[in-house]
Protein chains: 2
Amino acid sequence: MFLAAARRASPILLSLAVKTSTTAAFCSPRLANARTNTAAGATRTAYAACSISRNISLLSRPLSSMSASGASEGATAGAGSRRFVVAACQILCGSDKLANIATAESAVRDAAAAGAQVVVLPECWNGPYDTASFPVYAEPVPDPQGDETAADMPSAEQSPSAAMLCRAAAENKVWLVGGSVPEAGKDGGVYNTCIVVGPSGRIVAKHRKVHLFDIDVPGGITFKESDTLSPGDSITTVETPFGTIGVGICYDMRFPELSMAMRAAGSVLLCFPGAFNMTTGPAHWELLQRARALDNQCFVVTASPARNPDSKYQAWGHSSIVDPWGTVVATTEHEEAMLVAEVDVGRVAEVRTSIPVSLQKRPDLYRLELP
Amino acid sequence: MFLAAARRASPILLSLAVKTSTTAAFCSPRLANARTNTAAGATRTAYAACSISRNISLLSRPLSSMSASGASEGATAGAGSRRFVVAACQILCGSDKLANIATAESAVRDAAAAGAQVVVLPECWNGPYDTASFPVYAEPVPDPQGDETAADMPSAEQSPSAAMLCRAAAENKVWLVGGSVPEAGKDGGVYNTCIVVGPSGRIVAKHRKVHLFDIDVPGGITFKESDTLSPGDSITTVETPFGTIGVGICYDMRFPELSMAMRAAGSVLLCFPGAFNMTTGPAHWELLQRARALDNQCFVVTASPARNPDSKYQAWGHSSIVDPWGTVVATTEHEEAMLVAEVDVGRVAEVRTSIPVSLQKRPDLYRLELP
């Protein structure tokens, strides 16, 4: 039902579609809050991006579904497919956990309706980003299930956020990088956890934020996740038919080694649900994404919560999609928005061939060891 | 004599001086080709930058020499000094080696007259940036001298570029990060070498470019340094009274591990003489500098040759100075220019304390090994 309503709204909300052009193209913030950009070197990817002013409006469809010009393979998932559509959902979350779950579920549905095959939700979308809230909003999260039976699916009563992610991924047949929610670990610890669910509805990976956000910028922001959170202890990559996807959370992006490790594991796309703030957001958010993309010659997708004026923690927003050349191909402001872009995995190979840094490293002088 | 003439010219050429302000400030490109910027978080550093329209014009003096407001320590080198003035010289080089040497020597003199205590020259300033030219312009470069006698100084006949660097550093009492020149190695190889000279006139370090610039960007640029150059085999840092300075050359900047290693060796400033081109320059030059600065929480200084319309290789220019917060504090366009900035080493400690990434790394998950 949401979808039907949304489809009606889409024609006037579509912001921009850019295809195989070397001319930088921006969508005016006054027309829409998202913009797309193809710069020299990013010519083989087609993008569409848009923004929403209210929840649950379908904003755009990927270019591949709007054009007959050879982009049809991008709309089809499957082994060996070298194009896929990714969506970053910048949703507005508040303090009502069930309402947040409904918002996120709708966003996944809208993203899938827009053609997305990989959907990325924001960090900490099921409740406030606040150390005191983390334990309150936490829930158990089953370990990745592999071949286990359906009995291992998360319970909707005990784990409503995780259960929704599994349901939404299955119903919409998407790979869902489920942002993050506070996880009540069996060991008593609370983790900032990204649940990744495959189109079957099974949890295929669980990334617990490895680097906790403990910073103190005088005159800026002070935050100490470690007051109530425990850190994860593993590097997370997920095999998909589109290629390997690496998953980190927010502050994880500041540690180049983590992304390098995900790249070493074969990643072509790095996803970072994140919620930068009004101090480090303007200064570092885009820079870090572009740096991780360029250094590792991967696509990078970030999804932030929309800024909630009622929240103690003001999120920077600006979810983005960056290509392996370091070009921001789609971004947005701080309001609710959905970015949809077609990712041409072939572009990864092109960049890696053009500037073959991975073959030119000097293990005789330095080496990243992964114990 | 040059200096006297230059001093007369300086009042009208001074572009901007920004001090302890949180307001971003730009110098109009129409007024001068350099701009300075202090953003939030960069408030404790005072900057002055300027450009030159002809060689050997003194363009600016650092703020510390123009103001009595507590910046006097910045004008004085010495053990324990936490402020120093750095200059990046974007000089115009052609095919006349002796003329290039004279140009570079004048630039060092001008930088010192502007108050600089650390001076950075561009990559490949003694001849064309061209694989065929490297062997032609190459000269022997003595190894760092330590306590050797003056008899180990480079000969002006055999090594005119190196001899000039030693002379200029001594005469002007500066730490000279001497850009790079092609070095004729004793082993028969030709290296892209940065000679670092202390104020005594002795060579204190020699960095041979570790990562050779071999790239092939379709429709963009193809270059293969390895056609005539050999790679270096060491990571270079220099101890100075202002702190440790790391030295890389151009393409070396694309390898995060190298900068991380220089940071691990204690660097507070990373210098990259470089000559990006018209393809990768606009796309990556600033991004890489800011990424290396932010990830390692170091100042970064780059010096490019000015763009020479007569040259086969068109340099991007845009020499820059970036602070440890990742903010570009001074930059310029592609013409001849000199950037002068006061570096407050205390800012390094501030940023590292605010966002303590170096203490938050996860050696249980990844580790940079330096064999």
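This text gives an overview of the structure that appears in the document. (Residues numbered from 1 in each chain as written. Chains lettered and ligands numbered in written order. Predicted model: local features only at pLDDT ≥ 70, side-chain atom pairs only at ≥ 80, totals over all residues. Heavy atoms only, no water.)

1. Digging into the overall build of chain A
Then, in step 1: Scanning chain A from N- to C-terminus turns up nine helices and 19 strands.
Then, in step 2: By residue count, 62% of the 371 residues in chain A fall in the buried class.
Then, in step 3: Considering only intrachain contacts with a sequence separation of at least 6, the fraction spanning at least 24 residues in chain A is 67%.
Then, in step 4: As displayed, chain A offers around 12800 Å² of accessible surface, 54% of which is attributable to carbon and sulfur atoms. (Helix = DSSP H or I, 4+ residues; strand = E, 2+ residues; numbered from the N terminus. Buried < 20%, exposed > 50% of the residue type's maximum accessible area, 1.4 Å probe, protein only. Contact = heavy atoms within 4.5 Å. Areas by Shrake-Rupley, 256 points an atom, 1.4 Å probe, with all protein chains shown as cover.)

2. Details of the interface of chain B and chain A
Then, in step 1: Each partner contributes residues to the interface: chain B has 49 residues there, and chain A has 49 residues.
Then, in step 2: Regarding the contact of chain B and chain A, the summed buried area is about 4200 Å², with carbon and sulfur atoms giving 63% of it.
Then, in step 3: In this structure, the connection of chain B to chain A is made through four salt bridges.
Then, in step 4: Residue assignment for the side of chain B that touches chain A shows that the elements contributing at least two residues are β10 (214-216), α6 (256-264), α7 (280-296), α9 (357-360) and β19 (367-369) of chain B.
Then, in step 5: For the side of chain B that touches chain A, the element with the most residues is α7 of chain B, which contributes 10 residues.
Then, in step 6: Residues of the side of chain B that touches chain A, tallied by class, amount to 27 nonpolar, nine polar and 13 charged.
Then, in step 7: Examined bridge by bridge, strand β19 (residues 367-369) of chain A and β19 of chain B share three bridges and lie antiparallel to one another. Within β19 of chain B, the position partnered with E369 of chain A by the bridge is R367 of chain B. (Buried area = accessible area lost by both parts, 1.4 Å probe. Salt bridge = Lys/Arg side-chain N within 4 Å of Asp/Glu carboxyl O. Nonpolar A, V, L, I, M, F, W, Y, C, P; charged D, E, K, R; others polar. Pairing = 2+ DSSP bridges.)

3. Some details on the environment of N277 of chain B
All names here are of chain B.
Then, in step 1: Inspection of the secondary structure puts N277 in the loop between β14 (267-273) and α7.
Then, in step 2: N277 gets classed as buried once you look at its relative accessible area, which sits at 2%.
Then, in step 3: Through-space distance from the C-alpha of N277 to that of A315 is 4.7 Å; in sequence the pair is 38 residues apart.
Then, in step 4: Look past the residues within four positions of N277 in its chain and what remains in contact with it is F213, I221, P282, Y313, Q314 and W316.
Then, in step 5: From its side chain, N277 meets the backbone nitrogen of T280 in a polar contact 2.9 Å long. (Polar contact = N/O pair within 3.5 Å; in protein donor to acceptor, adjacent residues only side chain to side chain.)

4. Section: helix α7 (residues 280-296) of chain A
Residue and element names in this part refer to chain A.
Then, in step 1: Spanning 17 residues, α7 covers 22 Å between terminal C-alpha atoms, matching the ideal 24 Å at 1.5 Å per step.
Then, in step 2: Within α7, 14 of the 17 residues are buried, which leaves it mostly tucked inside the rest of the structure.
Then, in step 3: One or two steps after α7, the chain reaches Q297, where phi turns positive at roughly 50°. (Expected span 1.5 Å × (residues − 1).)

5. Thoughts on unusual backbone geometry
Residue and element names in this part refer to chain A.
Then, in step 1: The phi dihedral of C124 is positive, around 50°, even though this residue is not glycine.
Then, in step 2: For C124, the location among the structural elements is in the loop between β5 (118-120) and α4 (133-137).
Then, in step 3: The phi torsion at H318 lies on the positive side, around 60°, for a residue other than glycine.
Then, in step 4: Locating H318 in the fold gives a position in the loop between β15 (299-303) and β16 (320-322).

6. A word on the environment of F84 of chain A
Then, in step 1: The residue F84 of chain A is located in strand β4 (residues 83-90) in this model.
Then, in step 2: With 33 residues separating them along the chain, F84 of chain A and Q117 of chain A place their C-alpha atoms 6.4 Å apart.

7. What to know about the relation of the copies chain B and chain A
Then, in step 1: Structural alignment of chain B on chain A gives an RMSD of 0.0 Å, achieved by rotating through 180° and translating 0.0 Å along the axis. Here the symmetry operator amounts to a two-fold rotation axis. Residue L368 of chain B of chain B places its C-alpha closer to the rotation axis than any other residue of that unit, at 2.3 Å.
Then, in step 2: The residues that chain B uses at the interface reappear at the interface of chain A in 100% of cases, marking a shared surface. (Least-squares fit on C-alpha atoms with pLDDT ≥ 70 in both.)

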